[in-house]
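# Coordinate inspection notes
Spelled out, the chains give:
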Amino acid sequence: MISTIIFFVVVLTAWILPVTLKVKRSVHMLQLNSYRNERYAKWMSENSSKVYSPAEMLYLVPVVILLFSNSDILILAVASAVFVLVFAAFYAARKPEKKKLVYTQRVQRLFGVTYLMYGLIAAVATGLGAFVNMGFAVVILLVTAVFPFSLVKLTNLINEPIERSINQRFVDDAKRLIQSSPDLKVVGITGSYGKTSVKHFVEAILSSKYNVLMTPESYNTRLGVTRTINEQLKPYHEIFIAEMGAKQTGDIQDVCEIVNQQYGILTAIGPQHLDTFKTLDNIKKTKHEIVETLPEGGVAVLNKDDENIMSYKAKNPARRVYYGVERTDVDIHAGDIGYSSKGMTFTVTLKDGTTEHFRTRLLGKHNIYNVLAAIAIGLEMGMTLQQMTVPVKNLPPVKHRLELKPANGNITIIDDSFNSNPVGSKMAVEVLGKMDGFRMLVTPGMIELGDQEYELNKTLALHAAENCDYVILVGKKQTKPLQDGLAEANYPESQFYVAADLNDAIQHMHEKAQADTIVLLENDLPDTFNE
């Protein structure tokens, strides 16, 4: 009896090893899916090979022995060995995480409740082993070791009322801070793409004259903006810039109700996050929430060259300020665009005929649009075009968004690896096509494009075939649409390579690099999409 108890304690100790690793992985994936059970469940259904490891087939070994043996010691010894082996397999198969799990208080609560549930499971198993049958106890441990992903989803559901209450308290605090700052000017920025760059450009221009706070990194959700206000907004701030992201209808309005923006920038609208939005019309409606929520006297800054922006008629009569490159019937127009290895030059013309020549280190026509949006806000804040030439000249590229940087040897990198989209990727490839030297594209393609994902990736490949001397595709299954597109374009097989993963791609990049090689890194898939 004593030996059985000792062996069962060993089993429990061994059991917790693979469970701990799998729970951590489960919580990480839930966090990457914004703690939304519906998105998390969808990810689970599409990534069963990541939810259930082949190594877990070993759990059948103790079950088989249980069918043919009555020896508790033998069953417990084999179960212990199997748990250790599965843990070793999990540990050996770990991949470097691009975005680490952030141990927020919410994550800590998730871990706490999940491990409490596993503690109850261990207690039930112990009771069954002591008073009923040791085999039943082992089976319970084996089964529950397989399903941490499902258990974490249940934990998230259990915690939801608590999290909702805590979040609402933080949101209410943020609203009070905004309301207690009547002189604070708030600029909201949204769009399917370009919003992060515009946020940085607006901050760079306005901070030359004002005390400015902007939401950091990708803090563009309701809670991200709330956290920025609560932790960083000070009485001396004159302007607050809030980037607003959305993955479903109502997301922008939720943020707007917190910040009460007086200025709303809408950069562009395109087919992004179609897996949640479903239709382009839903995206248009959601992005225009930043216009519909403007107060009386508010100002909407809109890209008039964007057909999807112009095709939607917002009901709010707020004043519109239009900017553009292709269209000249705008308030702020950019023309005479020149490209060089040092960046771009362009001339800005206002509706009243005022002009100013600008120079920037940025690359790509889309960055002209981003600068124009920032200039529009500068004008609204009382700055002149001439005052904005120096801040625009000194604008640094936003990290991982057409960021030009030298690599080792004869390679220059254009890093556009942050969250690729159909319009941005097309413009990035065009920038590469304008470069002198051996032009190489490295990409896994685009994601979260719903039913259009195949065709949009195939179109990207067709565009790449016209502008690239060599193409490296990352991921054999993920890049199938790109492979089909290159085949349709009759792109020579000797000029492209399908890499197993990013490490393989980078190694091949160095092998194929020639003198004066320019490499465009287009998109970098998150951990949820790693093959």
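Below is a summary of the structure that appears in this document.

Criteria and thresholds
- Residues numbered from 1 in each chain as written.
- Predicted model: local features only at pLDDT ≥ 70, side-chain atom pairs only at ≥ 80, totals over all residues.
- Heavy atoms only, no water.
- Helix = DSSP H or I, 4+ residues; strand = E, 2+ residues; numbered from the N terminus.
- Contact = heavy atoms within 4.5 Å.
- Areas by Shrake-Rupley, 256 points an atom, 1.4 Å probe, with all protein chains shown as cover.
- Lys, Arg positive; Asp, Glu negative; His and termini not counted.
- Charge placed at Lys NZ, Arg CZ, Asp CG, Glu CD.
- Salt bridge = Lys/Arg side-chain N within 4 Å of Asp/Glu carboxyl O.
- Buried < 20%, exposed > 50% of the residue type's maximum accessible area, 1.4 Å probe, protein only.
- Phe/Tyr/Trp six-rings, centres within 6.5 Å; stacked < 30°, edge-to-face > 60°.
- Arc of directions from axis to C-beta.
- Expected span 1.5 Å × (residues − 1).
- Pairing = 2+ DSSP bridges.
- Axes fitted to C-alpha atoms, helices over the stretch in contact; angles between N-to-C directions.
- Parallel < 35°, antiparallel > 145°, perpendicular 65-115°, else oblique.
- Left-handed = near helix turned anticlockwise from the far one by under 90°.
- Nonpolar A, V, L, I, M, F, W, Y, C, P; charged D, E, K, R; others polar.
- Patch = residues over 30% accessible without salt bridge, like charges linked within 9 Å, V, L, I, M, F, W, Y side chains within 5 Å.

What follows concerns the overall build of the protein. Each helix and strand counted, the protein has 21 helices and 15 strands in total. With respect to the principal axes defined by its C-alpha atoms, the protein has extents near 95 × 60 × 40 Å. The contacts of the protein with a sequence gap of at least 6 include a subset with a gap of at least 24, amounting to 71%. For the protein, the accessible area works out to roughly 24,300 Å², and carbon and sulfur atoms hold 56% of it. Separation between the mean location of the 54 positive side-chain charges and that of the 55 negative ones in the protein comes to 3 Å.

Turning our eyes to something else, we now look at the pattern of salt bridges. For the coordinates displayed, the defined rule picks out 17 salt bridges. In this structure, arginine 106 and glutamate 163 form a salt bridge, with 4.0 Å as the shortest nitrogen-oxygen distance. With arginine 106 in helix 6 (residues 105–131) and glutamate 163 in helix 8 (residues 148–179), this residue pair connects regions lying 57 residues apart in the sequence. With a closest N to O distance of 3.1 Å, arginine 164 and glutamate 160 form a salt bridge. Residue arginine 164 and its partner glutamate 160 are located together in helix 8, separated by 4 residues, close to a single helical turn. For glutamate 160, a relative accessible area of 36% translates into the label partly exposed. A single salt-bridge network, built from bridges that share partners, covers Arg106, Arg109 and Glu163.

So, about the packing of aromatic side chains. Per the stated rule, a full pass over the model turns up 9 aromatic pairs. With a centroid separation of 6.0 Å and an interplanar angle of 40°, the aromatic rings of phenylalanine 87 and tyrosine 91 are classed as tilted. Taken together, the residues span about one helical turn, with phenylalanine 87 and tyrosine 91 both in helix 5 (residues 72–92) at a distance of 4 residues. By relative accessible area, phenylalanine 87 is classed as partly exposed at 23%. Taking 6.0 Å as the distance between ring centres and 10° as the angle between the ring planes, the aromatic pair formed by phenylalanine 111 and tyrosine 115 counts as stacked.

The next point concerns helix 20 (residues 480–488). If you check which residues of helix 20 are buried, you get Pro481, Leu482, Gly485 and Leu486. On an axial view of helix 20, the arc spanned by its buried residues comes to 135°, and they lie on one face.

The next subject is the side chain of glutamate 163. Overall, the relative accessible area of 2% leaves glutamate 163 in the buried class. In contact with glutamate 163, other than residues within four places in its own chain, are Arg106 and Arg109.

Moving on: helix 6. Relative to the 39 Å expected for 27 residues at 1.5 Å per residue, helix 6 spans 39 Å between its end C-alpha atoms, a close match to the ideal helical length. All of the buried residues in helix 6 are Arg106, Val107, Leu110, Phe111, Thr114, Met117, Tyr118, Ile121, Ala122, Ala125 and Gly129.

With 2 bridges connecting them, strand 6 (residues 319–324) and strand 7 (residues 332–340) associate as parallel partners. Across the sheet, tyrosine 323 pairs through a bridge with isoleucine 332, a residue of strand 7. With 7 bridges joining them, strand 7 and strand 8 (residues 343–350) adopt antiparallel strand pairing. Within strand 8, the residue paired with histidine 333 across the bridge is threonine 349.

Turning our eyes to something else, we now look at the pairing of strand 1 (residues 185–190). Of all 6 residues making up strand 1, 5 are buried, and the element is well covered by its neighbours. In this sheet, strand 3 (residues 239–243) lies alongside strand 1 in parallel orientation, the contact comprising 5 bridges. Across the sheet, the residue bridging to glycine 188 is alanine 242, located in strand 3.

Next up on the list: the packing of helix 16 (residues 365–380) against helix 17 (residues 385–393). Running from amino to carboxyl end, helix 16 crosses helix 17 at an angle of 135°, the nearest separation of the two axes being 10 Å. Classed by the angle they form, the pair helix 16 and helix 17 counts as oblique. Between helix 16 and helix 17 lies a crossing of right-handed hand. Counting all contacts with helix 16, which are made through Val371, Ile375, Gly378 and Leu379, the residues of helix 17 involved are Leu385, Met388 and Val392. Looking at the contact of helix 16 with helix 17 residue by residue, the class counts come to 6 nonpolar, 1 polar and no charged.

Here we come to the sheet that holds strand 6. Spatially, 9 strands are ordered 2-3-1-4-5-6-7-8-9 in an open sheet, and the strand pairing comes out mixed. Each end of this open sheet is capped by a strand with a single partner; those strands are strand 2 (212–214) and strand 9 (355–360). Each neighbouring strand pair of the sheet contributes to a mean axis angle of 20°, computed without reference to strand direction. As defined by bridge partners, strand 8 adjoins strand 9 across 6 bridges and the pair is classed as antiparallel. What sits directly across from threonine 345, in strand 9, is arginine 359. Helix-sheet contacts for helix 9 (residues 195–206) involve strand 1, strand 2, strand 3 and strand 4 (263–266), and the interaxial angle to strand 3 is about 170°. Contacts between helix 17 and the sheet are confined to strand 8 and strand 9, with strand 9 contributing the most and set at about 10° to the helix.

A cluster of nonpolar side chains, contributed by Met57, Leu60, Val64, Leu67 and Phe68, occupies part of the molecular surface with about 590 Å² of accessible area. Along the polypeptide, leucine 67 turns up in helix 4 (residues 60–68).

Before going further, it helps to examine the packing of helix 9 against helix 16. Where helix 9 meets helix 16, the axes come as close as 9 Å, and the angle between the chain directions of the two elements is 45°. One finds that helix 9 runs oblique with respect to helix 16. Where helix 9 crosses over helix 16, the handedness of that crossing is right-handed. Across the interface between the two elements, Ser197, Val198, Phe201, Val202, Ile205 and Leu206 from helix 9 touch Asn367, Asn370, Val371, Ala373, Ala374, Ile375, Ile377 and Gly378 from helix 16. The class makeup of the residues in the contact of helix 9 with helix 16 is 10 nonpolar, 4 polar and no charged.

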